[in-house]
Amino acid sequence: MTQSAPALQATRPEFLDLFPTGAAPEQLGDGFVWTEGPCYVPSRQAVIFSDVRTNKTWRYSDAGALEVELERSDHQNGHCLDAQGRLVACSHGLRSILRQETGGEWTILADQFEGKRLNSPNDICLHPDGSLWFSDPTYGIDKPEEGYGGAMELPGRWVFRLAPDGTLTAPIRDRTKPNGLAFASADTLLLADTGESKVYRYRVTPDGQAGSEGVHFELSPGKTDGLRIDAAGRIWSSAGDGVHVLSPDGQTELGRILLPATCANLCFGGPDGRTLYMTVSTTFWRIPTTVRGLSWQA
């Protein structure tokens, strides 16, 4: 039996416990073209997110100010924090991974593999060992509105691991269009393939290798793009109708946050870490929750 609250569709009763009484999605901004890559930066008390197709990034502060962050972002898409809490970005335009330093300048961390340019890094996440894992499909090459074009130089669309010492490897090479990714634990990586509309599970070894354990889940309508894990291991997945929340094993849908358009990505943040921010097509939203996202920051 499905129970419902305004904009919250509970498949399991415990879903409603994930939100304060009366919680509802709130639109914080609109008029964008395609919002993506939200990441909460505690040191700045703000969420940074991308409007990929207008070549800008934006910030929304805890004080409620929505302002342009970068007028020319080089088509940044996904973001995460590194182990020291610095913002790391996937740049479609520069075909690289960038880190923002404390003074605001950007440092290229990776833009080539074995002498060939990366495709267009899309999403990125932090492993507990301090390595950064990122997906590298070809959206920035294939779509003129999402990058600067060019030719694909690598023989595939892979997932890379950037070790703390700067060594770049490609542990995952078997996906069609690797996209959103998140670590459920130190040895379990969830990876969304937007070409196959499925989320796969990979077993990760201490030496940085990864082996597929098959499909972890798939959802409808739409498909998973970005995803996050909360501190209890539940999966929060973007979808065509909003956000779907699943049990840790991916087999049980707990409920949905219903939104008026496709949700591309999401992140936990805010002063207490319990606010869920959502990039929803041409808009930007939030909803309060009673949980926090799983974090690997020191």
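Residue positions are given per chain, counted from 1 along the sequence in the order it is written. At least 70 in pLDDT is required for a residue's local features to be given in this predicted model, at least 80 for side-chain atom pairs to be given and counted, and no such filter applies to totals for whole chains, interfaces and linings, which use all residues. Processing note: side-chain calculations cover all non-hydrogen atoms of the structure and skip hydrogens and water entirely.

## So, the overall build of the protein chain
Line of reasoning, step 1. Labels follow the DSSP assignment, with helices taken as runs of H or I lasting at least four residues and strands as runs of E lasting at least two, numbered in each case from the N terminus. When helices and strands are counted, the protein chain shows 1 helix and 28 strands.
Line of reasoning, step 2. Values of the radius of gyration come from C-alpha atoms, whereas the globule rule sets the reference at 2.2 Å times the count of residues to the power 0.38. In terms of overall size, the protein chain behaves like a compact globule, its C-alpha atoms giving a radius of gyration of 18 Å where 298 residues would be expected to give roughly 19 Å.
Line of reasoning, step 3. Projected onto its principal axes, the C-alpha positions of the protein chain cover 55 × 40 × 35 Å.
Line of reasoning, step 4. Looking at the protein chain residue by residue over its 298 residues, the buried ones come to 55%.
Line of reasoning, step 5. Every residue pair with non-hydrogen atoms within 4.5 Å of one another is taken to be in contact. The contacts in the protein chain between residues at least 6 apart in sequence include a share of 46% that link residues at least 24 apart.
Line of reasoning, step 6. Computed with the Shrake-Rupley method and a 1.4 Å probe, the accessible areas treat only the protein chains shown as cover for residues. Accessible surface, the protein chain: about 11700 Å² in total, of which carbon and sulfur atoms supply 48%.
Line of reasoning, step 7. When charges are counted, Lys and Arg contribute as positive and Asp and Glu as negative, whereas His and the chain ends are disregarded. By convention, the point assigned to a charge is CZ for Arg, NZ for Lys, CD for Glu and CG for Asp. On the protein chain, the mean spot of the 27 positive side-chain charges and the mean spot of the 37 negative ones are 2 Å from each other. The buried label goes to any residue with under 20% of its type's maximum accessible area, the exposed label to any with over 50%, and the partly exposed label to all in between, with areas taken from a 1.4 Å probe on protein chains only.

## Observations regarding the confidence of the model for the protein chain
Line of reasoning, step 1. What pLDDT expresses is the predictor's confidence in each residue, scored from 0 to 100. Put simply, the protein chain has an average pLDDT of 96, and 98% of its residues get 70 or more.
Line of reasoning, step 2. Across residues 1–5, where pLDDT falls below 50, the model places 9 contacts with residues more than four positions away in sequence or in other chains.

## A few points about the sheet that holds strand β6 (residues 56–61)
Line of reasoning, step 1. The 4 strands are arranged β4-β5-β6-β7 in an open sheet whose pairing can be described as antiparallel. Strands with a single pairing partner mark the edges of an open sheet, and in this sheet they are β4 (35–41) and β7 (66–70). Going across the sheet, the axis of each strand differs from the next one's by a mean of 30 degrees, ignoring polarity.
Line of reasoning, step 2. Here a strand pair is declared whenever DSSP counts at least two bridges between the two strands. As defined by bridge partners, β6 adjoins β7 across 4 bridges and the pair is classed as antiparallel. Bridge pairing in β7 places Y60 opposite L66. Every angle, taken between N-to-C directions, lies between 0 and 180 degrees, and every axis is a line fitted to C-alpha atoms, over only the stretch in contact when it is a helix.

## Topic: the environment of E253
Line of reasoning, step 1. Here E253 is to be found in strand β25 (residues 253–258).
Line of reasoning, step 2. When the C-alpha atoms of E253 and F217 are compared, they prove to be 10.0 Å apart, with 36 residues separating the residues in sequence.
Line of reasoning, step 3. Here E253 is in contact with T11, R12, H244, V245 and L246, once residues within four sequence places are set aside.
Line of reasoning, step 4. At a separation of 3.2 Å, a polar atom in the side chain of E253 contacts the side chain of T11.
Line of reasoning, step 5. For the purposes of these results, a polar contact is taken to be a pair of N or O atoms within 3.5 Å, where, inside protein, one atom must be able to donate a hydrogen and its partner to accept one; residues adjacent in sequence count only when each atom of the pair is a side-chain atom. Polar contacts involving the side chain of E253 include one to the side chain of R256, which spans 2.9 Å.

## Things to note about the sheet that holds strand β28 (residues 283–288)
Line of reasoning, step 1. Across the sheet, which stays open at both edges, the 4 strands sit in the order β3-β28-β27-β26 with antiparallel pairing between neighbours. Two strands bound the open sheet, and with one partner strand each, they are β3 (26–29) and β26 (263–269). Averaged over all pairs of adjacent strands, the angle between their axes in this sheet comes to 30 degrees, without regard to strand direction.
Line of reasoning, step 2. Both β26 and strand β27 (residues 275–280) contribute to a ladder of 6 bridges, which runs antiparallel.

## As for unusual backbone geometry
Working note: non-glycine residues mostly have negative phi, and peptide bonds are mostly trans.
Line of reasoning, step 1. Going from S220 to P221, the amide bond is cis rather than trans, its omega being 5 degrees.
Line of reasoning, step 2. Looking at the element boundaries, P221 is found in the loop between β21 (210–217) and β22 (227–229).
Line of reasoning, step 3. Positive phi outside glycine occurs at Q45, with the angle close to 50 degrees.
Line of reasoning, step 4. In this structure, Q45 sits in the loop between β4 and β5 (46–51).
Line of reasoning, step 5. The phi dihedral of E114 is positive, around 50 degrees, even though this residue is not glycine.
Line of reasoning, step 6. A residue is classified by how much of its surface remains accessible, and E114, at 64% relative accessible area, is exposed.

## Considerations on the nonpolar core
Line of reasoning, step 1. What is meant by a nonpolar core is a set of buried Ala, Val, Leu, Ile, Met, Phe, Trp, Tyr and Cys residues, joined one to another through side-chain atoms within 4.5 Å. Among the nonpolar cores identified, the biggest contains 21 residues, and F15, F19, W236, I257 and M278 are the most heavily contacted of them.
Line of reasoning, step 2. Listing elements by their share of this core, those giving two or more residues are β2 (8–10), β24 (242–246), β25, β26, β27 and β28.
Line of reasoning, step 3. Not counting residues up to four positions away in its chain, the partners in contact with I257 are A7, L8, F15, F19, P25, W236, D241, G242, V243, L276, M278 and I287.
Line of reasoning, step 4. Counting residues in hydrophobic clusters, the runner-up holds 17 residues, among them C80, C90, F134 and L168.

## Some remarks on the pairing of β24
Line of reasoning, step 1. The element β24 is extensively covered by neighbouring structure, given that 5 of its 5 residues are classed as buried.
Line of reasoning, step 2. Bridge count for strand β23 (residues 235–239) against β24 is 5 bridges, and the pairing is antiparallel. Following the sheet pairing, S238 is matched in β24 by V243.
Line of reasoning, step 3. In this antiparallel pair of consecutive strands, β23 and β24, the connection spans 2 residues.
Line of reasoning, step 4. Note: β24 against β25, 5 bridges, orientation antiparallel. Each bridged residue has a counterpart across the sheet, and for L246 the counterpart in β25 is E253.
Line of reasoning, step 5. Taken together, β24 and the strand that follows it, β25, pair antiparallel across an intervening segment of 6 residues, in which G250 is found at a positive phi of about 75 degrees.

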